[in-house]
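Geometric and topological summary
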Amino acid sequence: MTRALRLLPLILASALSLPVLAQNSDTSSPTPPDQQALIERLLRVNNPSGSNTVTFGGLPSTLPLTFSPDVQVQATVRSVGIGGVPSYRIFAVSNGTLDAARQALLGDLQASGWQTIPIIPVRGFQTTGGSLNNTFFRAGKFPLTLSINIQTVQQKVEVDIAVSAVNDLVISSLKNSTRYAPKSSMPALFPPPGASVDVAPDVGGSRQGVINSARVLSKLSAGEVLSFYSQQLKKAGWQAVTDTRSGELRVVTYLLTDLGGRQAVGVLGIRTQAEGDYILTASVNGFNPI
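Residues numbered from 1 in each chain as written. Predicted model: local features only at pLDDT ≥ 70, side-chain atom pairs only at ≥ 80, totals over all residues. Heavy atoms only, no water.

**Comments concerning the confidence of the model for the protein**
Mean pLDDT over the protein: 77, with 72% of residues reaching 70 or higher. Note that residues 1-6 has pLDDT below 50 and, in this model, 13 contacts with residues that lie over four places away or in other chains. Every residue in residues 11-29 is under pLDDT 50, and counting partners more than four places away or in other chains gives 16 contacts. (pLDDT = per-residue confidence, 0-100. Contact = heavy atoms within 4.5 Å.)

Below, the structure written as structure tokens:
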């Protein structure tokens with residue numbers, strides 16, 4: 001995607017300020033510029049051989065997408081490059097949590113007739129932003145593929161959706177895909193509201209187990225952060241059996257059933273570095289994770 005598209009929010013803000021700047025410098029009150037035309041011109045700088053069209057506050061009627069009230073579309077950019085093949089970039093926001101936005105979008109896509117091909121699944125601690133970890137596609141007269149990225153910016157969930165027109169050969173390949181998808185008893189662990197994970201997850205795995213750690217920055221206490229992640233593990237079937245504290249370190253152990261139906265041991269630990277600054281580690285032992 002072009003640099004101009006990535007900077008669309010900044011371009012929008014700049015364009016909206018232009019009439020004010022003009023009024024401050026010229027007492028004759030000149031006619032404000034056409035903001036949409038100006039933004040499309042700025043986008044065209046990086047797509048000189050094609051065209052860009054911006055739809056504010058919604059989706060073009062040509063896109064087979066319908067979003068629930070949980071997802072509000074700010075703008076959609078339609079770009080047409082060499083060969084006349086269109087692509088779309090949708091900028092949206094959600095008032096809920098990252099996990100709630102993921103679930104809402106997944107339901108919206110399924111209801112709109114989109115299908116998904118699973119790729120390498122997420123597991124362990126997730127960064128503040130991330131994708132739905134799927135490639136979505138829609139067959140038919142105008143076949144399309146779609147990907148989604150979600151992140152939290154200033155406690156607001158931002159959604160960035162890329163849609164591309166493809167041919168039937170690509171759709172056929174996706175339908176018959178047998179992508180390698182290793183499985184693990186370690187679930188995906190999403191950050192608490194307002195928190196951020198400033199270190200990318202580093203998942204290690206072997207035939208004996210899997211371990212994952214992350215640094216979490218949050219206004220919550222260590223106990224509240226640990227409880228938030230522990231609830232996600234319990235929802236995945238982990239049963240807490242011990243809770244040990246020693247200074248700034250707290251460790252909870254769990255019993256779970258691995259993917260082979262055998263009993264395994266899970267561990268979730270947290271160490272406080274400073275106020276609001278925590279190191280967390282989650283692991284599973286006693287099963288074959290891959």
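**Describing the pairing of strand S13 (residues 209-217)**
Bridging between strand S11 (residues 196-197) and S13 involves two bridges; their strand directions are antiparallel. Along S13, the bridge assignment pairs Ser-196 with Leu-217. Pairing between S13 and strand S17 (residues 277-285): nine bridges, direction antiparallel. The residue bridging Leu-217 from the neighbouring strand is Asp-277, located in S17. (Pairing = 2+ DSSP bridges. Helix = DSSP H or I, 4+ residues; strand = E, 2+ residues; numbered from the N terminus.)

**Things to note about the pattern of salt bridges**
Summed over the entire model, instances satisfying the criterion amount to four salt bridges. The partner of Asp-160 in a salt bridge is Arg-89, and the shortest N-O contact between them spans 2.5 Å. Taken as a pair, Asp-160 in strand S9 (residues 156-165) and Arg-89 in strand S3 (residues 86-94) lie far apart in primary sequence, 71 residues in all. Overall, the relative accessible area of 10% leaves Arg-89 in the buried class. Of the charged contacts in the structure, one is a salt bridge between Asp-243 and Arg-250, with a shortest N-O distance of 2.7 Å. (Salt bridge = Lys/Arg side-chain N within 4 Å of Asp/Glu carboxyl O. Buried < 20%, exposed > 50% of the residue type's maximum accessible area, 1.4 Å probe, protein only.)

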